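# Analysis of the macromolecular model
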Amino acid sequence: MSRRKIVAGNWKMNMTPTQAVELVNTLKPLVANDEVDVVFCVPAINIIPAMEAAKGSNINIGAENMYFEDSGAFTGEISPLMLVDAGVKYVIIGHSERREYFGETDEIVNKKVLKAFAHNLTPIICCGETLTQREQGITIDFVRQQIKIAFQNVTAEQAKASVIAYEPIWAIGTGKVATTEQAQEVCAAIRVCIGEIYDQATADLIRIQYGGSVTADSAADLFSQSDIDGGLVGGASLKPDFGKIVNYK
């Protein structure tokens, strides 16, 4: 089954609007690749200037988070309606930093996933284990639980359009990368889990990224694995090297 690769940059809390425009303009020629979906998930304040700067290129601008209500008294939150109106197509949901620092539970992640689909936004749904969980040998069990709850009440058609990002928490920003075998093993297990929830056709179509200290050196090996369909890239997405990750072949 040949799935189109998707490489997304998660800028996290980096780049002012001015810097965002400069970075998009720097990266535009470097990430040109019609065979790969390229997404820059940027801080909310940068979405519109980054969108303007990316016009005419193959870059999609995504969001790093959103709330699960359309509007209301939720000071400081960003609604899906705002993202849609700004032209956003992708939104990261349930990143480990959102879970750890802002108390997002699996149930909140599920609410956000359902709300994203309600507005035709493509969620990039994050999952991944801590170092302790890996050492305890419960990685697959833990990730399966995250996936099963995230996809509650999601239809098969919606699931086919979603993106899953497997990010071992111990590899995010640490410079440690899961071995190719470790990454492939968990991504394959996620695909099996989706097959159990839905069917093999859905499992075959869903795209699963690896994230966690992806570099220009590790990208080609990781992305060549049968169940890894690209990457969710943190620090390296803020540098010219991101172009090498997108053009990994």
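What this report covers is the structure whose coordinates are included nearby. Along each chain, residue indices are assigned from 1 in the same order as the chain's sequence is written. It should be noted that, the model being predicted, local features are given only for residues of pLDDT at least 70 and side-chain atom pairs only at 80 or more, the latter also being counted only at that level, while totals for whole chains, interfaces and linings use all residues. Side-chain calculation: all heavy atoms of the structure are included, whereas hydrogens and water are not.

## As for the overall build of the protein
Secondary structure elements are defined from DSSP: runs of H or I of at least 4 residues count as helices, runs of E of at least 2 residues count as strands, and each element is numbered from the N terminus. In terms of regular secondary structure, the protein is built from 12 helices and eight strands. For the protein, whose C-alpha radius of gyration is 17 Å, the value lies close to the compact-globule estimate of 18 Å for 249 residues. Counting only C-alpha atoms, the protein reaches 45 × 45 × 35 Å along its principal axes. Looking at the 249 residues of the protein, the share that counts as buried comes to 53%. Any two residues having at least one pair of non-hydrogen atoms within 4.5 Å are treated as being in contact. A fraction of 73% describes how many contacts in the protein between residues 6 or more apart in sequence connect residues 24 or more apart. Note on areas: these come from Shrake-Rupley sampling with a 1.4 Å probe, and a residue is covered only by the protein chains present in the view. When the accessible surface of the protein is totalled, it reaches about 10900 Å², and 52% of it is carbon and sulfur. Residues counted as positive are Lys and Arg, residues counted as negative are Asp and Glu, and His and the chain ends are not counted. Think of each charge as sitting on NZ of Lys, CZ of Arg, CG of Asp or CD of Glu. Within the protein, the 30 negative side-chain charges are centred at a point lying 2 Å from the centre of the 22 positive side-chain charges. Put simply, the radius of gyration uses C-alpha atoms, and a globule should come to 2.2 Å times the residue count raised to 0.38. Each residue's exposure class comes from its accessible area (1.4 Å probe, protein chains only) as a fraction of the maximum for that residue type: buried when under 20%, exposed when over 50%, partly exposed otherwise.

## Observations regarding helix α11 (residues 216-223)
Buried within α11 are the following residues: Ser 218, Ala 219, Leu 222 and Phe 223. Seen along its axis, α11 keeps its buried residues to an arc of 115°; they face one direction. Against the buried residues of α11 lie β1 (5-10), α9 (180-197), β7 (207-211), β8 (230-233) and α12 (242-246). The directions from the helix axis to the C-beta atoms are what the arc is built from.

## Let's talk about empty space enclosed by the protein
We place a 1 Å grid over just the protein atoms. Points where a 1.4 Å probe fits but has no way out form a cavity, open points with protein on both sides within 12 Å along at least 5 of 7 lines form a pocket, and any residue with an atom within 4 Å of a point lines it. Grid points are joined across faces, edges and corners, and a volume is the space filled by probe spheres set on the points. Tallying each qualifying case throughout the model produces one cavity of 30 Å³ or more. Taken as a whole, the largest cavity holds about 40 Å³ of empty space. Around the largest cavity, the lining residues are Ile 140, Val 143, Arg 144, Ile 147, Val 186, Ala 189, Ile 190 and Cys 193. Note on residue categories: nonpolar means Ala, Val, Leu, Ile, Met, Phe, Trp, Tyr, Cys or Pro, charged means Asp, Glu, Lys or Arg, and polar means any other residue, Gly included. For the lining of the largest cavity, the class distribution of residues is seven nonpolar, no polar and one charged.

## Here's the deal with the packing of aromatic side chains
Pairing of aromatic rings covers Phe, Tyr and Trp, the last through its six-membered ring, and needs centres within 6.5 Å; plane angles under 30 degrees mean stacked, over 60 mean edge-to-face, and all others mean tilted. Tallying each qualifying case throughout the model produces seven aromatic pairs. Taking 6.4 Å as the distance between ring centres and 80° as the angle between the ring planes, the aromatic pair formed by Phe 151 and Tyr 198 counts as edge-to-face. With Phe 151 in the loop between α7 (139-150) and α8 (156-161) and Tyr 198 in the loop between α9 and α10 (200-205), this residue pair connects regions lying 47 residues apart in the sequence. Grouping residues by exposure puts Phe 151 and Tyr 198 together as buried. Each member of the aromatic cluster is reached from another via a ring pair, and the members are Trp 11, Phe 40 and Phe 242.

## Structural notes on the layout of surface pockets
Approximately 550 Å³ is the volume found for the largest pocket. Examining the composition of the lining of the largest pocket, we find that four residues originate from one element, helix α4 (residues 96-102), more than from any other. A per-class count over the lining of the largest pocket returns 12 nonpolar, four polar and five charged. In this structure, the second largest pocket occupies an estimated 270 Å³ of space. Looking at the second largest pocket, it is lined by 21 residues, and the ones nearest its centre are Ser 213, Val 214, Gly 234, Gly 235 and Ala 236. Among the residues making up the lining of the second largest pocket, the classes are represented as eight nonpolar, nine polar and four charged.

## Here's the deal with the packing of α7 against α9
Under this scheme, a helix contributes an axis fitted over its contacting stretch, all axes are lines through C-alpha atoms, and angles between N-to-C directions fall in the 0 to 180 degree range. Packing of α7 against α9 brings their axes to within 10 Å, and their N-to-C directions diverge by 45°. Considered as vectors, α7 and α9 are oriented oblique to each other. The element α7 and its partner α9 pack so that their crossing is right-handed. Of the residues in α9, those in contact with Thr 139, Ile 140, Val 143, Arg 144, Ile 147 and Lys 148 of α7 are Glu 185, Val 186, Ala 189, Ile 190, Cys 193, Ile 194, Glu 196 and Ile 197. Convention used here: angles under 35 degrees read as roughly parallel, angles over 145 as roughly antiparallel, angles from 65 to 115 as roughly perpendicular, and any remaining angle as oblique. In a left-handed crossing the near helix is turned counterclockwise from the far helix by less than a right angle, and in a right-handed crossing that turn is clockwise.

## Considering unusual backbone geometry
Backbone phi values are negative for most residues with the exception of glycine, while trans is the configuration of most peptide bonds. Of note in this structure, Lys 12 is not a glycine but carries a positive phi near 60°. Position of Lys 12 among the secondary structure elements: in the loop between β1 and α1 (17-27).

## Remarks on the pattern of salt bridges
For this document, the term salt bridge refers to a Lys or Arg side-chain nitrogen within 4 Å of an Asp or Glu carboxyl oxygen. As enumerated under the stated definition, the model contains 16 salt bridges in all. Residue Lys 112 pairs with Glu 104 through a salt bridge whose shortest N-O separation is 2.6 Å. Both residues of the pair, Lys 112 and Glu 104, count as buried. Here Glu 157 makes a salt bridge to Lys 160, at a shortest N to O gap of 2.9 Å. With Glu 157 and Lys 160 both in helix α8 and three residues apart, the pair spans about one turn of that helix. With a relative accessible area of 56%, Glu 157 lands in the exposed category.

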